[in-house]
Amino acid sequence: MKTEEIIALSQKYLMNTYNRLPMAPVKGKGAWLWDADGKKYLDFVSGLAVCNLGHSYPKVLYAIARQARKLLHVSNIYHIDHQAELAELLVKNSFADKAFFCNSGAEANEAAVKLARKYARKVLKQDRYEVITMRNSFHGRTLAMITATGQEKFQKDFEPLVPGFRYADFGSIESLEKTITPQTIAVMVEPIQGEGGVRIASPDYFKSLRDFCNQRKLLLIFDEVQVGLGRTGTLFAYEQFGVTPDMMTLAKALGGGLPIGAMLARDGVAEAFQPGDHAATFGGGPFVTAVACETVRSILKEGVPNVKSLQGYLRSSLERLAREFRFIREVRGVGFILALDLDREARPLVVKFLKEGLLLNAVQPQSLRLLPPLIIKKKEIDTALAIMKKVFNEERSAHTS
């Protein structure tokens, strides 16, 4: 099928839940995608931080083919070899002692909230259940997680929301002080607010946040669904701030393109879960965990070193664009999760980049987000920068003529 046919079929049979761009990718390799008409695109979206190793990464493809011939699914009523192997890999490379596997970031965050509530009752012997999250945050699309998400636009028309969530200002300990109640058990925070426009708080804030939680016997949960697994230049984003959480959630890039989520916790917290407390039918099955093992190893061996090598070049190049084009107000981010804050709507520019063969996306009305694959090459960064400069020149000319 051609692109027009695919779009027509989608519009006829799919629910209208996505504001899709007029493009239908059918093939990918490395940092590149091809649409149904054969047009080539440089991908700086990476499946919304899912394809951290790019498309058709050879070791991931090999793991898929090898495991598909052996076993796809059994059940968590049995022990699963690659699930245990993946848990060991994540634990040995993080602060955590135990792992729980599910299918998505929202599910991982739900697991963290459930564990926090169970910990309060089983370990602390207290009736505490509230979780404080941050304004401008994003934690998923389930009913509980849109409640946890500190943005009203995701909650509108889905009321009544789930009780047990309160909101504080990101980066402000003073706001937390005003928000906490005797029922609070945990603080859940994204180290970088990806969907919120790639916003980062200072390391001092995170150190104060850790102290705040310690003093009040609160659990600290890091939502690293988008920013974990190499995107910041370390395997996990918490390593950038010199603090360790009590729990951490992962998804997106973990499966190399396949759906999997994980919730990690330290021993004193993890022990609150007992058989029957939580489950996921497809969580951590043999197929996806075999692929995830290879994905994590490859991110550690190739992805993280490449981000460390090229992050300075990408950031400084974007800052030069910001100096040249005054409608770029700010460059934000770290590693390979970056945003250009604009003085105008971002989506029209996303469409213009698409026509020129570069895929970016808009987060928040005036923010362009860049999520290149971790294996991007310098010459591909240069290609993206050249397209951006061309589109920005046309934008400047259109507004000055």
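In case you missed it, the structure is sitting above this.
Conventions adopted
- Residues numbered from 1 in each chain as written.
- Predicted model: local features only at pLDDT ≥ 70, side-chain atom pairs only at ≥ 80, totals over all residues.
- Heavy atoms only, no water.
- Core = buried A, V, L, I, M, F, W, Y, C linked by side-chain atoms within 4.5 Å.
- Buried < 20%, exposed > 50% of the residue type's maximum accessible area, 1.4 Å probe, protein only.
- Helix = DSSP H or I, 4+ residues; strand = E, 2+ residues; numbered from the N terminus.
- Axes fitted to C-alpha atoms, helices over the stretch in contact; angles between N-to-C directions.
- Parallel < 35°, antiparallel > 145°, perpendicular 65-115°, else oblique.
- Left-handed = near helix turned anticlockwise from the far one by under 90°.
- Contact = heavy atoms within 4.5 Å.
- Nonpolar A, V, L, I, M, F, W, Y, C, P; charged D, E, K, R; others polar.
- Pairing = 2+ DSSP bridges.
- Patch = residues over 30% accessible without salt bridge, like charges linked within 9 Å, V, L, I, M, F, W, Y side chains within 5 Å.
- Areas by Shrake-Rupley, 256 points an atom, 1.4 Å probe, with all protein chains shown as cover.
- Salt bridge = Lys/Arg side-chain N within 4 Å of Asp/Glu carboxyl O.
- Polar contact = N/O pair within 3.5 Å; in protein donor to acceptor, adjacent residues only side chain to side chain.
- Phe/Tyr/Trp six-rings, centres within 6.5 Å; stacked < 30°, edge-to-face > 60°.
- Lys NZ or Arg CZ within 6 Å of the ring centre and 35° of its normal.

J.: Describe in detail the nonpolar core, supporting the description with residues and values.
T.: Counting 83 residues, the largest nonpolar core has L90, F206, L318, L340, F353, M388 and F392 as the members making the most contacts within it. Looking at this core element by element, the count peaks at 13 residues for helix α11 (residues 286-324). Listed in part, the 30 residues of the second largest apolar core include C102, L115, A120 and L219.

J.: A description of the packing of α11 against helix α13 (residues 378-400) should follow, citing residues and the corresponding values.
T.: At a closest axis distance of 11 Å, the pairing of α11 and α13 adopts a crossing angle of 10°. When the axis of α11 is compared with that of α13, the two are roughly parallel. Considering how the two elements wind past one another, α11 and α13 form a crossing that is right-handed. Contacts from L310, Y313, L314, S317, L318, L321 and E324 of α11 reach α13 at K378, I381, D382, L385, M388, K389, F392 and R396. Of the residues contributing to the contact of α11 with α13, the split by class is 9 nonpolar, 1 polar and 5 charged.

J.: Describe in detail the pairing of strand β17 (residues 367-370), supporting the description with residues and values.
T.: Every second residue of β17 is oriented toward a common face, with S367 and R369 on one face and L368 and L370 on the other, all of them buried. One ladder, built from 4 bridges, connects strand β14 (residues 337-342) with β17; its direction is antiparallel. Along β17, the bridge assignment pairs A339 with R369. Where strand β16 (residues 361-362) lies against β17, 2 bridges are found, and the strand directions are antiparallel. Counterpart to A362 in the pairing with β17 is L368. Counting the residues between successive antiparallel strands, the hairpin from β16 to β17 contains 4 residues, one of them, Q364, with a positive phi of roughly 65°.

J.: I'd like a rundown of the environment of K156, residues and numbers included.
T.: Tracing the backbone through its elements, the reader meets K156 in the loop between α7 (152-155) and β6 (165-168). For K156, a relative accessible area of 54% puts it in the exposed group. Spatially, the C-alpha atom of K156 lies 9.6 Å from that of I146, the residues being 10 residues apart in sequence.

J.: For the sheet that holds strand β2 (residues 32-35), give the residues involved together with the corresponding values.
T.: What links the strands of a sheet is backbone hydrogen bonding, and the strands pair in either a parallel or an antiparallel sense. In space, the 4 strands of this open sheet follow the order β1-β2-β3-β15, with mixed pairing throughout. Both edges of this open sheet fall to β1 (25-29) and β15 (358-359), since each of them pairs with a single strand only.

J.: Which residues make up a nonpolar patch on the surface, and what values do they have?
T.: Residues L71, V74, I77 and Y78 make up a contiguous nonpolar surface patch of roughly 400 Å² in combined accessible area. Its relative accessible area of 32% is what places V74 among the partly exposed residues.

J.: Any details on the side chain of T3? Residues and values, ideally.
T.: Residue position: T3 is located in helix α1 (residues 3-13). Judged by its relative accessible area of 7%, T3 is buried. With residues near it in sequence (within four places) discarded, T3 still touches P22, M23, A24, D35, A36 and D37.

J.: Help me get a handle on the side chain of T179, residues and values and all.
T.: Considering the arrangement of structural elements, one finds T179 in helix α8 (residues 173-179). T179 gets classed as buried once you look at its relative accessible area, which sits at 7%. In terms of polar contacts, T179 uses its side chain to reach the backbone carbonyl oxygen of S175, at 2.7 Å. Setting aside residues no more than four positions away along its own chain, T179 makes contact with I132, R166, Y167 and A168.

J.: Can you break down the packing of aromatic side chains residue by residue, with the values?
T.: In this structure the tally under the stated criterion is 12 aromatic pairs. Taking 5.5 Å as the distance between ring centres and 75° as the angle between the ring planes, the aromatic pair formed by F327 and F392 counts as edge-to-face. Of this pair, F327 sits in the loop between α11 and β13 (328-334) while F392 sits in helix α13, placing them 65 residues apart in sequence. These aromatic residues form a ring-pair network of at least three members: F170, Y205, F206, F222 and F241. In this structure, K40 packs its charged tip against the face of W32, placed 4.3 Å from the ring centre.

J.: Which residues make up the pairing of β14, and what values do they have?
T.: Within β14, 6 of the 6 residues are buried, which leaves the element mostly enclosed by the surrounding structure. Taking every second residue as pointing to the same face, both faces of β14 are buried, with I337, A339 and D341 on one and L338, L340 and L342 on the other. Two strands pair when backbone bridges link them, and β13 and β14 are joined in this way by 6 bridges, in the antiparallel orientation. Residue pairing in the sheet places V334 in a bridge with I337 of β14. Linkage of β13 to β14, two consecutive antiparallel strands, is achieved through a turn of 2 residues, within which G335 is found at a positive phi near 60°.

J.: Which residues make up the sheet that holds β6, and what are the values?
T.: In spatial order, the strands read β4-β12-β11-β10-β7-β5-β6; together these 7 strands make up an open sheet with mixed pairing. Every interior strand has two partners, whereas the edge strands, β4 (98-102) and β6, have only one. Going from strand to strand, the sheet's axes swing by 20° on average, the running direction of each strand aside. Sheet topology places strand β5 (residues 130-134) next to strand β7 (residues 184-189); 3 bridges connect them, and they run parallel. What sits directly across from V131, in β7, is A186. Along the sheet face, helix α5 (residues 105-122) touches β4, β5, β6, β7, β10 (219-223), β11 (247-250) and β12 (261-265) and points at about 160° away from the line of β11. Sheet strands touched by helix α9 (residues 203-216): β5, β7 and β10. Its angle to β10, the strand with the most contacts, is close to 140°.

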